[in-house]
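Structural overview for review
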Amino acid sequence: MNIIYSNDKDIEVEDMIEVFRNRGIVRPISQPERIQAMINNANILLSAWFGNRMIGVARALTDWSFLLLSVRSAC
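Keep in mind that what you see is a predicted model, and the values were worked out from it rather than measured. (Residues numbered from 1 in each chain as written. Predicted model: local features only at pLDDT ≥ 70, side-chain atom pairs only at ≥ 80, totals over all residues. Heavy atoms only, no water.)

Describing the pattern of salt bridges
For the structure shown, the criterion picks out one salt bridge. When the shortest N-O distance is used, the salt bridge between Glu18 and Arg53 registers 3.3 Å. You can see Glu18 sitting in helix 1 (residues 13-22) and its partner Arg53 sitting in strand 3 (residues 53-62), a full 35 residues away along the chain. (Salt bridge = Lys/Arg side-chain N within 4 Å of Asp/Glu carboxyl O. Helix = DSSP H or I, 4+ residues; strand = E, 2+ residues; numbered from the N terminus.)

Thoughts on helix 1
Among all positions of helix 1, only Val13, Met16, Ile17, Val19 and Phe20 are buried. Angularly, the buried residues of helix 1 cover 160° about the axis, an arc narrow enough to put them on a single face. Across helix 1 from its buried face, at more than 90 degrees, point the exposed residues Glu14 and Arg21. In the segment just after helix 1, Gly24 is the residue with positive phi, at about 80°. (Buried < 20%, exposed > 50% of the residue type's maximum accessible area, 1.4 Å probe, protein only. Arc of directions from axis to C-beta.)

Without other data, these values stay purely geometric and don't point to any function.
Given below as C-alpha cells:
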C-alpha cells in the first residue's frame, strides 16, 4: 500500500489528535475545539495517509506573496 498525500482540509479532529499523540506533540490534544480551529485557519494543510489512517500532517500560514510560515509538522 502506498502513502497518499492530500491538500484537502477535510481532516477529522480525532485523526489530527492521533497523529500529534503518536509523534509526542502534547499540546493542545486535550482541546478538540482548538484542533478544529487549527484545521480551519491553516492556509495550507497537507496530510499523509496510509490507507484510511492519517500518518502525518503539516500546517502553514502564508500571505501568498512573500512569506510562508511552517507552523508544525508531524510525520
